[in-house]
Amino acid sequence: MTETNDLRRLKALAKRYARANRIAQHQALDLIAGELGFSNWVTLISASKKGWQADTEQMARVEAFVMSPLPAATILKGDSEAMNRRFAYLEQAEHGMIGDHTYRLQEILGDVIIAGEGWSIRVSENPGAIPIVETYTNPEADCPVLDPEFRQKALKVARDRAVRVRAEISTDWPRRSTKPDLSGVVRHPLGRGKSAVWYCLHCDGKITGAQIAENLWHCPGCGASPLDIFDTAFWSDDEGESFLPVNANEAVGQDKPDFEIVDGRPKLDLTEEKIILLIRTALLDDASNISERLGALLAEISTDDENGVWIELEVDLWPQDKDPVQALAVSKLLGLDAEMISSSSTIPFAWPGLGEIASNTSEYTRMMLDAYAQHGGLPDRKAKE
């Protein structure tokens, strides 16, 4: 495998997967490595330096994986249904019992997740991260993870597995990546040199070699992954001289709570931006021609503190006698009183009536350009053509 070909292809596939599933790039890289039989991306890189290459069948498997509709992002966030599908897909998922309750235990992207009916606990690969306990049931419902005794037992199962996972990761790395020398110098596990001082690209923190090695190369301050850790602050004008040292007490979970309980149920946060997005989309539903679609896109939409929404439409693009039925229906569903306003302002193109007779945007654009050309109003480059 060469850096310029296969590795670059795998990185591009990981980037696509990360964007599609809304996960971090380093998590997608680890997933890609897992599909190729490696414990993580660092292990894959080490193997490639020793001559390992992916064959045609392996590359095809990775490409199929990237195109898979599996919702990785919801799994990482603790969605119970998505997590159950993931566990069903992975044969190596372990099953067990805590009292009368069953659980599934699985390593995903270096994190350890233990989950049961209506709950999950995630212990991060990062030793300094706080375990996240998520629930998916109503607060009134009987959820075993809310019982302190049950929760501690489940946390112990997950933490014990996390210790093994971190040990396996450390074993794959060079010895000097996990044990500083007498001067505090450590070697980056991704081959980015060696130093006694390291810098976090994510939070601009300055980290000692002992700190970063002890925290498994995650930033002790913000938790950034090894991909964000460098031996020089090349992005800083003063090469990191102004960066503040990460507090030693922040490393490896010191002075932090034992866990954090969060409600994993999806919550609707109707901000003004989201309301405007829904109203504008409804206006596009109401639009029946190019002019009205332009009017929907250019409409001024705002909300007030009294559950009102104001929709201002350009008269030259939207007929004054046409009610936006879908936009009004959406406003009602959101509990908002809609107020329609007509205005006359600057339209993007002359002859807005062309949009009423064009069948599509391409035809409208051609008609609009022809009209400008007839009046000598095209830019010079168009006139020359």
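This text follows the structure it describes.
Note that the structure is predicted; figures quoted are calculated from it, not measured. (Residues numbered from 1 in each chain as written. Predicted model: local features only at pLDDT ≥ 70, side-chain atom pairs only at ≥ 80, totals over all residues. Heavy atoms only, no water.)

**Re the environment of Leu 284**
Logical step 1: Counting through the fold element by element, Leu 284 comes out in helix H10 (residues 272–286).
Logical step 2: Assessed through its relative accessible area of 32%, Leu 284 is described here as partly exposed.
Logical step 3: When the C-alpha atoms of Leu 284 and Pro 324 are compared, they prove to be 9.2 Å apart, with 40 residues separating the residues in sequence.
Logical step 4: For Leu 284, the contacting residues outside a window of four places in its chain are Arg 293, Ala 296 and Leu 297. (Helix = DSSP H or I, 4+ residues; strand = E, 2+ residues; numbered from the N terminus. Buried < 20%, exposed > 50% of the residue type's maximum accessible area, 1.4 Å probe, protein only. Contact = heavy atoms within 4.5 Å.)

**A word on the packing of H10 against helix H12 (residues 325–333)**
Logical step 1: At a closest axis distance of 7 Å, the pairing of H10 and H12 adopts a crossing angle of 150°. It follows from the interaxial angle that H10 and H12 lie roughly antiparallel. Like other packed secondary-structure pairs, H10 and H12 cross with a definite hand, here right-handed. Facing Leu 278, Ile 279, Ala 282, Leu 283, Asp 285 and Asp 286 of H10, the residues of H12 in contact are Val 325, Gln 326, Ala 327, Val 330 and Ser 331.
Logical step 2: Residue composition of the contact of H10 with H12, by class: seven nonpolar, two polar and two charged. (Axes fitted to C-alpha atoms, helices over the stretch in contact; angles between N-to-C directions. Parallel < 35°, antiparallel > 145°, perpendicular 65-115°, else oblique. Left-handed = near helix turned anticlockwise from the far one by under 90°. Nonpolar A, V, L, I, M, F, W, Y, C, P; charged D, E, K, R; others polar.)

**Focus: the packing of aromatic side chains**
Logical step 1: Enumeration over the complete set of coordinates arrives at 11 aromatic pairs.
Logical step 2: Residues Phe 230 and Phe 234 carry aromatic rings whose centres are separated by 5.0 Å and whose planes lie at 85° to one another, so their mutual orientation is edge-to-face.
Logical step 3: Joined through ring pairs, the aromatic side chains of Tyr 199, Phe 230, Phe 234, Trp 235 and Phe 243 make up one cluster.
Logical step 4: In this structure, Lys 322 is placed above the aromatic ring of Trp 318, and the distance from its NZ or CZ to the ring centre is 5.3 Å. (Phe/Tyr/Trp six-rings, centres within 6.5 Å; stacked < 30°, edge-to-face > 60°. Lys NZ or Arg CZ within 6 Å of the ring centre and 35° of its normal.)

**Notes on empty space enclosed by the protein**
Logical step 1: Tallied over the entire structure, the rule returns three cavities of 30 Å³ or more.
Logical step 2: Computed from the structure, the largest cavity encloses a volume of approximately 160 Å³.
Logical step 3: Residue lining of the largest cavity: 13 residues in total, with His 26, Asp 30, Val 42, Glu 125 and Pro 226 positioned closest to the centre.
Logical step 4: Contributing elements (two or more residues each) for the lining of the largest cavity: helix H2 (25–35) and helix H3 (41–49).
Logical step 5: Tallying contributions element by element places H2 first for the lining of the largest cavity, with three residues. (1 Å grid on protein atoms, 1.4 Å probe; cavity = no way out; pocket = protein on both sides within 12 Å on 5 of 7 lines; lining within 4 Å. Points joined across faces, edges and corners; volume = space filled by probe spheres on them.)

**Section: the sheet that holds strand E1 (residues 94–98)**
Logical step 1: One open sheet accounts for six strands, arranged E1-E2-E3-E4-E5-E12; its pairing is mixed. The strands lining the two open edges of the sheet, one partner per strand, are E1 and strand E12 (260–263). Pairwise comparison of adjacent strand axes, ignoring direction, gives a mean angle of 25° for this sheet.
Logical step 2: Bridge count for strand E5 (residues 132–135) against E12 is four bridges, and the pairing is parallel. (Pairing = 2+ DSSP bridges.)

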